[in-house]
Amino acid sequence: MKGKSNTPSIRFKGFSDDWEQRKAKELFVSTADKGYPELPVLSATQDRGMIRRDENNINIFHDKKNEAGYKRVLPGQFVIHLRSFQGGFAHSAIEGITSPAYTVFDFSEPEKHDSEYWKYVFTSKSFIRRLEIVTYGIRDGRSISYEEFLTLGFVYPSKAEQTAIARYLDKLSDLITLHQRKLEKLQNIKKSMLEKMFPQNGSNVPEIRFKGFTDAWEQHKLGEVSDSYSGGTPTVGVKEYYGGQIPFIRSAEINSDCTELFITDDGLKNSSARLVSKGDILYALYGATSGEVGRARLNGAINQAILAIKPYSGYDYEFISQWLRKSKQSIIETYLQGGQGNLSGTIVKDLVVQFPTLPEQEVIGTYFANLDNLITLHQRKLEKLQNIKKSMLEKMFV
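What this report covers is the structure whose coordinates are included nearby. (Residues numbered from 1 in each chain as written. Predicted model: local features only at pLDDT ≥ 70, side-chain atom pairs only at ≥ 80, totals over all residues. Heavy atoms only, no water.)

1. A word on the environment of methionine 392
Argument step 1. One can find methionine 392 in helix 10 (residues 358-395).
Argument step 2. When the C-alpha atoms of methionine 392 and isoleucine 10 are compared, they prove to be 8.0 Å apart, with 382 residues separating the residues in sequence.
Argument step 3. Discounting residues that sit within four places of it in the chain, methionine 392 has contacts with Ile10, Tyr168, Leu169 and Phe397. (Helix = DSSP H or I, 4+ residues; strand = E, 2+ residues; numbered from the N terminus. Contact = heavy atoms within 4.5 Å.)

See below:
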């Protein structure tokens, strides 16, 4: 730590003292308090700390007669468990007992420390990187040595500042969890609605319909109700074909509003690349992206890895896009052995789709488009919060 600042780049107002620097052996002490078989058995997790084993959804056999030899863990203590390649330090907010193979440790002066603060220290990427230096073979799953841990140095603030940092990060973590749950709920709603708002198991009507629609749905091959085409890639060796103004959309970019490659007018004219327009359905045919569906977000060109689909009058773009998304797994299982390989334009054109009247298509398409927008909104909020937390974990610690 020589030459490293003893204060972080971001601090809460009112705190100005230098942070202290100590070796772990001066800060922590191991405990091995046994003889409490009546306490619940705890399991170590990377994301939730120590939790009751019966809440872990993993059935691990153990002989209850051995529980008298398990180590007691108190709220605020830490457990070094065997998942060394993940960091291996779990904070406990509850009392219980854990495997005697684990190391349980506490603060040598508990009144000077906030365990919630140290929870963030021990799960930070910078701390895990330091463990990799002192613990040889850590990525092979070697158990972390408590003796090696004690050689590490730490720079830390007063307990009051520790608490301020921990409470801020706790609130941020709670907000992230809230958005994760909202996002999962929306994703589950969409998954359920995709099943219930399209006919299933040979039926010609769906389970759930919008009010006012009663007609039976009709079957058509996708190629009967749309034009579709793929493109080609300009010759790689002809450098003057690249660096132009025409966005060249690749299969991984079908849901993106930007591209990494651009081609020239000559590149377009002297190849089989084809133009697509905003709103066109883009269907990925090749490799890992096979079966992915997008609506073009920009005017550009495509190659043979993408099938552009342009529905005829009377057929709704968004409705067809949502049906293709809903059917992705069954299409892959039917046409790609083991989920590997490529699809073809012929396969996609021969897909049989059930269609309601155009007004019902439009209502369904709009419903799912709005749901997708809401999901995207929550994804962006979640990513923003996660990035804020990541940044704060770097800037609020030394």
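2. Regarding the packing of helix 7 (residues 317-326) against helix 10
Argument step 1. For the pair helix 7 and helix 10, the least separation of the axes is 8 Å and the interaxial angle reads 65 degrees. In the crossing of helix 7 with helix 10, the sense of the turn from one axis to the other is left-handed. Here Glu318, Phe319, Gln322 and Arg325 of helix 7 lie close against helix 10, whose contacting residues are Gln361, Ile364, Gly365, Phe368, Ala369 and Asp372.
Argument step 2. Classifying every residue of the contact of helix 7 with helix 10 by side-chain character gives four nonpolar, three polar and three charged. (Axes fitted to C-alpha atoms, helices over the stretch in contact; angles between N-to-C directions. Left-handed = near helix turned anticlockwise from the far one by under 90°. Nonpolar A, V, L, I, M, F, W, Y, C, P; charged D, E, K, R; others polar.)

3. So, the pattern of salt bridges
Argument step 1. Summed over the entire model, instances satisfying the criterion amount to 20 salt bridges.
Argument step 2. For the salt bridge of glutamate 253 with arginine 250, the shortest nitrogen-to-oxygen distance reads 3.4 Å.
Argument step 3. Between arginine 250 and glutamate 260 there is a salt bridge, with its nearest N and O atoms 3.2 Å apart. On the criterion of sequence distance, the pair formed by arginine 250 in the loop between strand 13 (242-249) and strand 14 (261-263) and glutamate 260 in the loop between strand 13 and strand 14 is long-range, its members being 10 residues apart. (Salt bridge = Lys/Arg side-chain N within 4 Å of Asp/Glu carboxyl O.)

4. A word on the side chain of histidine 91
Argument step 1. The topology assignment puts histidine 91 in strand 7 (residues 89-91).
Argument step 2. A residue is classified by how much of its surface remains accessible, and histidine 91, at 9% relative accessible area, is buried.
Argument step 3. Within the local environment of histidine 91, its side chain forms a polar contact with the side chain of serine 115, the two groups lying 3.0 Å apart.
Argument step 4. Residues contacting histidine 91, with those up to four places away along its chain left out, are Gly49, Met50, Gly76, Gln77, Phe78, Ser115, Glu116 and Lys119. (Buried < 20%, exposed > 50% of the residue type's maximum accessible area, 1.4 Å probe, protein only. Polar contact = N/O pair within 3.5 Å; in protein donor to acceptor, adjacent residues only side chain to side chain.)

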